[in-house]
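Descriptive analysis of the structure
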Amino acid sequence: MVQLPADQVRSAANRLKRAQGQLAGVVRMLEEGRDCEDVVTQLAAVNRALDRAGFAIVASGLKECLTQEGGADSLDTQKMEKLFLSLS
């Protein structure tokens, strides 16, 4: 199991917290009966924010795998491919 460096964890957590705030805004918009187009636009922004956070986490994990003892030889490429594909 790969552990991310503390700075990478903070960065990913901050991205996810921002997305959480955006999502709360989308829920409020729905509850307030806001225009559908505006709601969908904001929902798409939340989706992109989550995607970016996910890719950042996977990329950081890949970097850690490559810099640890064993490097690329110890990397489970099928597992990494599955992680990347789960975000698409």
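Residues numbered from 1 in each chain as written. Predicted model: local features only at pLDDT ≥ 70, side-chain atom pairs only at ≥ 80, totals over all residues. Heavy atoms only, no water.

Comments concerning the overall build of the protein
- Of regular secondary structure, the protein possesses three helices and zero strands.
- Along the protein, helices (α) and strands (β) appear in the sequence α-α-α when read from the amino end.
- Taking all 88 residues of the protein together, the buried fraction comes to 22%.
- At a minimum sequence separation of 6, the contacts of the protein that also span at least 24 residues come to 60%. (Helix = DSSP H or I, 4+ residues; strand = E, 2+ residues; numbered from the N terminus. Buried < 20%, exposed > 50% of the residue type's maximum accessible area, 1.4 Å probe, protein only. Contact = heavy atoms within 4.5 Å.)

Thoughts on a nonpolar patch on the surface
- Together, Leu-16, Leu-50 and Ile-57 make up an exposed nonpolar region whose accessible area comes to about 220 Å².
- With respect to the helices, strands and loops of the structure, Leu-16 is situated in helix 1 (residues 6-31). (Patch = residues over 30% accessible without salt bridge, like charges linked within 9 Å, V, L, I, M, F, W, Y side chains within 5 Å. Areas by Shrake-Rupley, 256 points an atom, 1.4 Å probe, with all protein chains shown as cover. Salt bridge = Lys/Arg side-chain N within 4 Å of Asp/Glu carboxyl O.)

Observations regarding the pattern of salt bridges
- A complete count under the given rule lists one salt bridge for this structure.
- One salt bridge connects Glu-32 with Arg-34, and the closest N-O pair in it is separated by 3.9 Å.
- Given a relative accessible area of 54%, Glu-32 falls into the exposed group.
- A relative accessible area of 43% places Arg-34 in the partly exposed class.

Description of the environment of Phe-84
- Relative to the helices and strands, Phe-84 is located in helix 3 (residues 77-86).
- Residues Phe-84 and Val-58, spaced 26 residues apart in sequence, show a C-alpha to C-alpha distance of 7.1 Å.
- In contact with Phe-84, other than residues within four places in its own chain, are Phe-55, Val-58 and Leu-62.

Notes on the side chain of Ser-60
- If you trace the backbone, Ser-60 turns up in helix 2 (residues 36-67).
- On the accessibility criterion, Ser-60 (11% relative accessible area) is buried.
- Residues within four places of Ser-60 in sequence aside, it is in contact with Leu-4 and Gln-8.

Observations regarding the environment of Thr-41
- Looking at the secondary structure, you find Thr-41 in helix 2.
- We classify Thr-41 as partly exposed; its relative accessible area is 44%.
- For Thr-41 and Val-26, which are 15 residues apart along the polypeptide, the C-alpha to C-alpha distance reads 9.4 Å.

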